[in-house]
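# Analysis of the macromolecular model
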Amino acid sequence: MEEAKKTMLSGIKPSGDLTLGSYLGAIKNWAARAEEYDCYYFMADLHAITVRQNPVDLRRRTLEQLAQYIACGLDPEKNTLFIQSHVHQHAELGWVLNCYAMFGELSRMTQFKDKSAKNADNINGGLFTYPCLMAADILLYQPDYVPVGDDQRQHVELCHAIARRFNGVYGDVFKLPEPYIPKVGARIMSLSDPTSKMSKSEEENGGTVLLMDPPETIARLFKRAVTDSETFVHYDPARKPGVSNLMTIYSAVTGKSYDEIEAEFAGQGYGVFKPAVGEAVIETLRPIREEASRLMKDKAYLEGVYRAGAEKASHIAEKTLRKVYKKVGFVAR
Ligand code: ATP
Ligand code: LTN
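Residues numbered from 1 in each chain as written. Chains lettered and ligands numbered in written order. Predicted model: local features only at pLDDT ≥ 70, side-chain atom pairs only at ≥ 80, totals over all residues. Heavy atoms only, no water.

Let us now look at the packing of aromatic side chains. For any pair of aromatic rings, the description rests on two quantities: the centre-to-centre distance and the angle between the ring planes. This model, assessed by the stated rule, comprises 17 aromatic pairs. On the numbers, 5.0 Å between centres and 35° between planes, the contact of Tyr-40 with Tyr-141 is tilted. With Tyr-40 in strand 2 (residues 37-43) and Tyr-141 in the loop between helix 7 (125-139) and strand 4 (145-147), this residue pair connects regions lying 101 residues apart in the sequence. Residue Tyr-40 is classed as buried on the basis of its relative accessible area, which comes to 3%. (Phe/Tyr/Trp six-rings, centres within 6.5 Å; stacked < 30°, edge-to-face > 60°. Helix = DSSP H or I, 4+ residues; strand = E, 2+ residues; numbered from the N terminus. Buried < 20%, exposed > 50% of the residue type's maximum accessible area, 1.4 Å probe, protein only.)

Below is the structure:
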């Protein structure tokens, strides 16, 4: 008998433009797996509003993000691509799971602590209970793997804890998913501050490379990347965080090992190394940027993709939600 395909699922908030970090940490892994897995990827617009968004920008960015997913290699024929708010089951299961997550657990989430420090005037309930909605996103589809960057590991672990607690009360309702985190590229650091994560909400500081940045911008960002006062290319994240981060980026885009990179640049200073990394990134992102710009002009095509995606996702999600409602004791409609 043919074995059932395993399932993968992930999402990204359209809270800013996609970055080289989100590409190397997450999307690159998604695109490589479409043949082996049944794949669901979405634009997490419900999550985006935990931080205040301009409505016009949010709408535009959600569609741009879809165009960029496709341009990164996610074929809509082989992957289910949808907008989170179009599949109402996410918000509904999110509420239920709120009742199975503990205040103490939610208080320990690093992302909550970081975001509340950065948005002190808007520490809202959604920001706090965000991992419950994320757990719902995941558990609705019973995935085997959740491909994310290292910063999301804690949320996937909490999803596990919530699912285990729920299963403990009601029997085996949810499958426990595993995070799927790449060996190289799981945590790309800012080019201007290699001790903090490259992030789309902090692009102004010159440390973030956007997927849609033109080649001149990328070249400039890499030339200015912060390194150290030594002059040799060597991998040592504790002592040489800047150079090590550039090596990680170079390794992730070229497939070369750290040893190979050290050998390639032996005897050459950062003046040669930094532009070479920039060039490799430019060539990786060029086809993505061109294809995404082309797709953005075809709104009818994008609409067809997200409508079909929501229809398929909703069908699967409803099955899980119905089961959950029955287990907790809601009267059937
Ligand atoms: P924000 O700044 O709005 O919180 P972000 O830039 O951190 O956003 P997310 O939308 O949170 O990006 O992340 C999208 C996906 O990319 C997640 O799976 C996340 O783990 C991964 N990711 C984000 N930034 C990086 C990074 N610097 N290195 C590796 N992976 C990353
Ligand atoms: N929390 C993630 C985005 C996200 C997600 C998900 C990732 C929302 N729902 C479900 C994987 C699975 C983030 O902030 N990057």
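Moving on, we come to the site of ligand 1. Lining the immediate surroundings of ligand 1 are 21 residues, of which Lys-115, Asp-151, Lys-197, Ser-199 and Ser-201 lie closest. In the model, an oxygen atom of ligand 1 is placed 2.9 Å from a nitrogen or oxygen of the Ser-15 side chain. Within the contact set of ligand 1, an oxygen atom lies 2.6 Å away from a side-chain nitrogen or oxygen of Lys-200. When isolated, ligand 1 has an accessible area of 600 Å², and the protein chains bury 96% of it. A total of 4 residues in the shell around ligand 1 trace back to one element, the largest contributor, which is helix 1 (residues 20-31). Along the lines of polarity and charge, the residues of the shell around ligand 1 split into 6 nonpolar, 9 polar and 6 charged. (Near = heavy atom within 4 Å. Polar contact = N/O pair within 3.5 Å; in protein donor to acceptor, adjacent residues only side chain to side chain. Areas by Shrake-Rupley, 256 points an atom, 1.4 Å probe, with all protein chains shown as cover. Nonpolar A, V, L, I, M, F, W, Y, C, P; charged D, E, K, R; others polar.)

Turning our attention to the site of ligand 2. The environment of ligand 2 is made up of 14 residues, and the closest members are Lys-13, Tyr-130, Met-134, Asp-137 and Gln-152. In the model, a nitrogen atom of ligand 2 is placed 2.6 Å from a nitrogen or oxygen of the Tyr-130 side chain. At a separation of 2.7 Å, a nitrogen atom of ligand 2 approaches a polar side-chain atom of Asp-137. Taking 370 Å² as the accessible area of ligand 2 by itself, protein coverage stands at 93%.

Turning next to the environment of Pro-237. Relative to the assigned elements, Pro-237 resides in the loop between helix 9 (215-223) and helix 10 (241-254). A relative accessible area of 45% means that Pro-237 is categorised as partly exposed.

A few words now on the environment of Ala-252. Along the chain, Ala-252 turns up in helix 10. Owing to a relative accessible area of 10%, Ala-252 belongs among the buried residues under this scheme. Distance in space between the C-alpha atoms of Ala-252 and Lys-183 is 9.3 Å, their sequence separation being 69 residues. The contact partners of Ala-252, leaving out residues within four places of it in the chain, are Leu-24, Lys-28 and Val-184. (Contact = heavy atoms within 4.5 Å.)

The next subject is the pattern of salt bridges. Pairs can form between side chains of opposite charge whenever their charged atoms are close. Per the stated rule, a full pass over the model turns up 17 salt bridges. Of the charged contacts, one joins Glu-35 and Lys-78 as a salt bridge, the two residues approaching to 2.9 Å between their closest N and O atoms. Of the two residues, Glu-35 is situated in the loop between helix 1 and strand 2 and Lys-78 in the loop between helix 3 (55-71) and strand 3 (79-83); the sequence distance between them amounts to 43 residues. By relative accessible area, Glu-35 is classed as exposed at 56%. Residues Arg-322 and Glu-318 are paired through a salt bridge, measuring 3.5 Å at the closest nitrogen-oxygen approach. Here Arg-322 pairs with Glu-318, and both are found in helix 13 (residues 299-328), just 4 residues apart, close to one helical turn. Relative accessible area serves as the criterion here: at 57%, Arg-322 is assigned to the exposed category. Through salt bridges with shared partners, a single network forms among Asp-228, Glu-230, Asp-236, Arg-239 and Lys-240. (Salt bridge = Lys/Arg side-chain N within 4 Å of Asp/Glu carboxyl O.)

By themselves, these figures tell us nothing about what the structure is for.
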